[in-house]
Amino acid sequence: MMKMTELANKKVLVVGLGKSGFSVCRFLHSQSIAFDVVDEGLKDADVDKLNVFAPQANCSHEFTETLFCQYEILIMSPGIALSHSAVQSALQKGAQAIGDIELFAYAVDAPVLAVTGSNGKSTVVAWLQAVLESAGVSAVACGNIGLPALDALQSGIDIYVVELSSFQLETTNSLKLLSASVLNVSEDHMNRYQDLEHYAATKRRIYRHAELAVCNAHDERTHVLATDESQAVSLTPPRILFAVDSVTQGDVGTRDYAGQTWLQWGEKRIMPVCELPLPGLHNCENAQAVLAMLSPLSLSAETLKAGLLSFKGLPHRTQFVHESQGVRWFNDSKGTNIDACCRAIEAMQAPVVLIAGGQGKDADFSQLGPVVQEHVKAIVLIGEDADVLNQALQDFAQITKAKTMLDAVTQAMRIATAGDVVLLSPACASFDMFDSFEHRGDVFVEAVMKVAA
Ligand code: UMA
């Protein structure tokens, strides 16, 4: 493992000046480590912001071999692929690529829990934080969830709870974890990986230095594989399973008592599933993952139950927005892939008018067909890949297209009748029309309040 002192003697390039790039710059500056910056979309305002604390940093917007090959350490932003030709040239000349989470690993001095997965990771991370806080443990949720991990570093924190994306895991090598989980693996980011197994193996890098691996009983791709290249450096960690249908041993799942299904952790009965504060089977599994991730802390069943109940859910994840004329409106803007969209549709338990579309990331949308056929009465498509979705789904539901979110909401309002749900769950990234999934969700909520309230 490289040490911070070694970093100080290297030529360092921060690649990407978004949220994580800025957190890296602030961190390097705080450690008196010199660096330069490159960002293809470099904005004057960002250069000004950087100049306030690091005027010595050279800023460039050219991703060229000549530039990259001048550096020994590339600190990559997660959104920038290692396969970029300028990055590859530098790596071949002996440069090393790391990410913000690797720097976090060097600096953190409290226990860390980390969660990845195609879906549910933000919810699990925020739920973990809620349970810990309610148990009197000071915890901060950071990483892919939005607060860059390096910005979260502060004194007085008992436990860091970090959400990691597969992108971040590509450049993370030495993060020591008290417990780690790949919650699930389903198709996403296929424009960045060779296939689903390549994507899954990248996620499993999270187990590299974990003391406990928390794996999904229904999803073998989440299980630690001794043959993974990522495991080569450590012993296979002990494992605890969640999503077990009828728990008998130390795993976490459900068990039936007197006609009621309970959350069960080994011999501990935690609470009836129907009392969980978030709806749907997927949230029952998220709660189980929370319990499993916390097992090293040996909290009591009462403490865990109180903690689970204290969580109110996150915005943009099957978030109830409004009801008028018997039609309920839900914002699931965070549904950025097919699996998340399917689970949101199923959790509605009512006929759905779906608003979907955006950047499709090369996904195979025909996989949405069966769920759409069963639960969706109409789809309103938005975004640059609307035609791709239309092609894949036209046999399963009535489809119309909309140019703006306001247009989509207006059309959905016309189609929906009492008892229906209108659900924004795009199954796509947002960047063609919006700054982020949060921005997309906010614009949706605003449109709903304008049109339906
Ligand atoms: N850039 C380039 N060249 C490129 C791509 C980007 O120069 O080819 C530049 C852009 O001009 C921009 C910067 O890089 O200035 C953006 O960097 P980034 O895309 O890595 O994004 P950040 O702002 O640093 O935010 C990242 C995560 N984004 C991605 O992984 C795409 C955020 O997760 C995360 O919250 C943040 O770090 C803090 O850790 C968002 C996300 O979409 C929510 N994550 C994906 C997901 O959840 O599916 C992985």
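Our structure's up above, just so we're on the same page.
Procedures and definitions
Residues numbered from 1 in each chain as written. Predicted model: local features only at pLDDT ≥ 70, side-chain atom pairs only at ≥ 80, totals over all residues. Heavy atoms only, no water. Helix = DSSP H or I, 4+ residues; strand = E, 2+ residues; numbered from the N terminus. Pairing = 2+ DSSP bridges. Axes fitted to C-alpha atoms, helices over the stretch in contact; angles between N-to-C directions. Contact = heavy atoms within 4.5 Å.

### Considering unusual backbone geometry
In step 1: Here Ser32, not a glycine, exhibits a phi torsion of approximately 60°, which is positive.
In step 2: Tracing the chain through its elements places Ser32 in the loop between helix H2 (19-30) and strand E2 (36-38).
In step 3: If you check the backbone angles, Thr318 has positive phi at about 35° while not being a glycine.
In step 4: With respect to the helices and strands, the residue Thr318 is situated in the loop between helix H12 (301-309) and strand E17 (319-324).

### Notes on the sheet that holds strand E16 (residues 268-272)
In step 1: Overall, antiparallel pairing links the three strands, which are arranged E14-E15-E16 in an open sheet. The sheet is open, and its two edges are formed by strand E14 (252-257) and E16, each paired on a single side. On average, adjacent strands in this sheet sit at an angle of 40° to one another, irrespective of strand direction.
In step 2: Pairing geometry for E14 and strand E15 (residues 260-265), over six bridges, is antiparallel. Opposite Asp256, over in E15, you have Thr261 as the bridge partner.
In step 3: Sheet strands in contact with helix H11 (residues 281-293) are E14, E15 and E16, and its direction is about 115° off that of E14.
In step 4: Strands E15 and E16 of the sheet are contacted by H12, whose axis makes an angle of about 25° with E16.

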